[in-house]
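What follows is each chain in one-letter form.
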Protein chains: 2
Amino acid sequence: MHTPLCDDLGIEFPIFAFTHCRDVVVAVSKAGGFGVLGAVGFTPEELEIELEWIDKHIGDHPYGVDIVIPNKYEGMDSNLSGDDLKKMLQSMVPQETLNFARGILTDHGVPVPEDPNENALQLLGWTEATATPQVEVALQHPKVTLIANALGTPPPDMIEHIHAAGRKVAALCGSPYQARKHADAGIDIIIAQGGEGGGHCGEVGSIVLWPQVVKEVAPIPVLAAGGIGSGLQIAAALAMGAQGAWSGSQWLMVEEAENTAVQQAAYANASSRDTVRSRSFTGKPCRMLRNDWTEAWEKEGNPEPLGMPLQYMVSGMAVAATHKYPDETVDVAFNPVGQVVGQFTKVEKTAAVIERWVQEYLEATGTLEQLNAAAGA
Amino acid sequence: MHTPLCDDLGIEFPIFAFTHCRDVVVAVSKAGGFGVLGAVGFTPEELEIELEWIDKHIGDHPYGVDIVIPNKYEGMDSNLSGDDLKKMLQSMVPQETLNFARGILTDHGVPVPEDPNENALQLLGWTEATATPQVEVALQHPKVTLIANALGTPPPDMIEHIHAAGRKVAALCGSPYQARKHADAGIDIIIAQGGEGGGHCGEVGSIVLWPQVVKEVAPIPVLAAGGIGSGLQIAAALAMGAQGAWSGSQWLMVEEAENTAVQQAAYANASSRDTVRSRSFTGKPCRMLRNDWTEAWEKEGNPEPLGMPLQYMVSGMAVAATHKYPDETVDVAFNPVGQVVGQFTKVEKTAAVIERWVQEYLEATGTLEQLNAAAGA
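Residues numbered from 1 in each chain as written. Chains lettered and ligands numbered in written order. Predicted model: local features only at pLDDT ≥ 70, side-chain atom pairs only at ≥ 80, totals over all residues. Heavy atoms only, no water.

1. Brief notes about the nonpolar core
Right, so step 1: Trp251(A) and Trp251(B) are the most contacted members of the largest nonpolar core, which has 156 residues in total.
Right, so step 2: Not counting residues up to four positions away in its chain, the partners in contact with Trp251(A) are Ile15(A), Ala17(A), Phe18(A), Thr19(A), Val24(A), Val28(A), Ala257(A), Thr350(A), Val353(A), Ile354(A) and Trp357(A).
Right, so step 3: Core analysis: the next-biggest nonpolar cluster, separate from the first, contains 37 residues, Trp126(A), Val276(A), Leu310(A) and Val332(A) among them. (Core = buried A, V, L, I, M, F, W, Y, C linked by side-chain atoms within 4.5 Å. Buried < 20%, exposed > 50% of the residue type's maximum accessible area, 1.4 Å probe, protein only. Contact = heavy atoms within 4.5 Å.)

Written as structure tokens, this is what we have:
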């Protein structure tokens, strides 16, 4: 499954693995793919520690860093930053919404800190102000050869800055319209993510979206995202003109991941019909396992989710509890994942997944070659 | 793109075209594909006329008939049939809902008949009682080699009856669970339709659904549906193990179709983000172009859509008006179509579409062969 993009990036397989776990980044890149660390949730200082660790363990392989700068978010037009921005955003969170969120957790027996500043009202790195220092940290690490933005087109000066440092810029999109904006802004690699995808996603399915984006931005290379969980799906993507595959869900189900056993069991037991696009954690539609938390925010009469980044200032305590109290939060945990979760039944080693995908890819392309050969005979 | 299923059915390409237009059935089968006539909306007498016409024009090519027997619908547990069933169902339609529907149309300047029996309160062929006579008619025509059920597993005696007549049975599904039920019931061909699809569809995207269904029911042949609108998408489907593709949206955009010019313009102008899964016409989630009609039924405080087949007894007048008053209904028309509509920009000849798809398929599989050859070099 080697494509021209592999040569550009110096990798063997065009398998891009998005993950929040540094161990997975290292394991993927060492197995011939391209690990990408999600920087959201790390302060610049924490991110520096992660990247140093990766540099030390990854050998000569390259890797990427993923940031999140939405095109639109609450407070984006203010000139505030740091604590001032945070305070202004905190003042925009209605007490009723915060109480409602706390109530969902306490109703499920999940311990909730009395001090709202402990787990709630925290600002996640979902603004230009919080993402810019992350980019600065990443660019200090020469093996970081790709910066990806998970939501929207990065600001022009950031693209210019990353290019000046000799790195590539990638960005996700959910429509040919967004892909065109990326292309016009000088993005090097465009990631077309179908509505099947875990995390933030649009509504157009991958089988429809991928070829439209490929056609829209050619010859800019496109990575296919949303529903990638086997070599069959990568073969489908490459048949439709993608130069590689961007995947996230699979890497929650590897031994190197830090996800809790409770979470991995939830993923292993879920069918593809058990996910939902919900605004209840991040404020923007984000695909995750459906549970009591997501249902509560859907119910008529209950408070509606706030915008990004306000909603996470409310839901952050549920995310923190997901890691701290896995058993108590089983019905209210934050379990972002794509529909492809229905394919996963067990936890594997990262290297075994890459090997399996390559094998499945060869079987899929072999099937097509046989059909063509038989038809020609 | 010849697969073993093609030999079973005596066709050249595994391109299955669902359409309500007899001309399209003929054109597809004559071009090497397999036309399937949607029987819903035809009385047994009308269906007989259509099939006679097809028999006369299709030469020696086979074709199929598509019926709709949902697994669940209002009134299915009654022992009534004919006018008695119709009367009972009519009594279940609230006057408020009927008035609301009429109001949407009159607000848009669409003429609505005074007599509700003219276009409303009609029962469509969406029950076992209405579908069974359609099957009887179809089996009188030897070139009808396939009966497909668009919703759910057909009743056991119907499957047995069709098999006894030497024909095959196909059925659509939106999950591996439904596919398993089809397989256990003896269905010959399983159509896995992703949530991208036009008309009745589930929520799981094609790229995730197709390989799951193929795996679940192997070695029963699977047709990939939902998002098929080019040879690239067929290559993707066959790479993932499907034996063919089932398509509907494309055939609204051919010269042989009876769709109005206004409808075809709406499809040509729509992007893949302009469709919605709505219960507002049929009572079950059905993908169509979003417009004032679909939005009205979503709005809080307005009547909710009824179940199947009751909702059509309310929406039937909008469907009738779509054909009768194309200009007046431009914002309230029934335009069922899949997300793939975003790919269509013009009306083509049916034979040209088949030829294009075959060519695109060869290009897609050629791309994969080149990648493999380069990787092996």
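2. Things to note about the interface of chain B and chain A
Right, so step 1: Listed as interface residues are 42 residues of chain B and, on the opposing side, 42 residues of chain A.
Right, so step 2: Summing both sides of the interface, chain B and chain A together bury roughly 3300 Å²; the carbon and sulfur share of this comes to 62%.
Right, so step 3: Here chain B is connected to chain A by 0 salt bridges.
Right, so step 4: The tally of links between chain B and chain A comes to 12 residue pairs in polar contact (both at pLDDT 80 or more).
Right, so step 5: Those elements that provide at least two residues to the side of chain B that touches chain A are helix 9 (176–184), helix 10 (206–217), helix 11 (231–239) and helix 15 (350–376) of chain B.
Right, so step 6: When residues in the side of chain B that touches chain A are grouped by element, the largest group, 10 residues, is from helix 15 of chain B. (Buried area = accessible area lost by both parts, 1.4 Å probe. Salt bridge = Lys/Arg side-chain N within 4 Å of Asp/Glu carboxyl O. Polar contact = N/O pair within 3.5 Å; in protein donor to acceptor, adjacent residues only side chain to side chain. Helix = DSSP H or I, 4+ residues; strand = E, 2+ residues; numbered from the N terminus.)

3. A word on the side chain of Ser175(B)
Right, so step 1: Tracing the chain through its elements places Ser175(B) in the loop between strand 5 (168–173) and helix 9.
Right, so step 2: A polar contact is formed between the side chain of Ser175(B) and the side chain of Arg273(A), at a distance of 3.4 Å.

4. Describing the pattern of salt bridges
All names here are of chain A.
Right, so step 1: According to the stated counting rule, one finds 16 salt bridges over all chains in the structure shown.
Right, so step 2: Between Arg356 and Glu360 there is a salt bridge; the shortest N-O distance is 3.0 Å. Placement of both Arg356 and Glu360 in helix 15 (residues 350–376) is noted, with a separation of 4 residues, approximately one turn of the helix.
Right, so step 3: When its relative accessible area of 25% is taken as the criterion, Arg356 is described as partly exposed.
Right, so step 4: Overlapping salt bridges bring together Arg180, Asp184 and Glu216 as one network.

5. Considering the domain arrangement of chain A
All names here are of chain A.
Right, so step 1: Domain annotation of chain A identifies domain 1 (4–73 + 126–257 + 347–376) and domain 2 (82–123 + 271–324).
Right, so step 2: A separation of 27 Å is found between the C-alpha centroids of domain 1 and domain 2.
Right, so step 3: At the interface, 17 residues of domain 1 touch 11 residues of domain 2.
Right, so step 4: Here domain 1 and domain 2 share an interface that buries about 1100 Å² over both sides, 67% of which is from carbon and sulfur atoms.
Right, so step 5: Three residues, Trp126, His200 and Cys201, lead the burial of domain 1 against domain 2; their summed loss comes to 42% of the area buried on that side.
Right, so step 6: Where domain 1 packs against domain 2, one counts 6 residue pairs in polar contact (both at pLDDT 80 or more).
Right, so step 7: Elements with a contribution of two residues or more to the side of domain 1 that touches domain 2: helix 7 (128–139) and strand 7 (199–200).
Right, so step 8: Its residues placed into classes, the side of domain 1 that touches domain 2 shows 6 nonpolar, 8 polar and 3 charged. (Domains from an automatic or database assignment. Nonpolar A, V, L, I, M, F, W, Y, C, P; charged D, E, K, R; others polar.)

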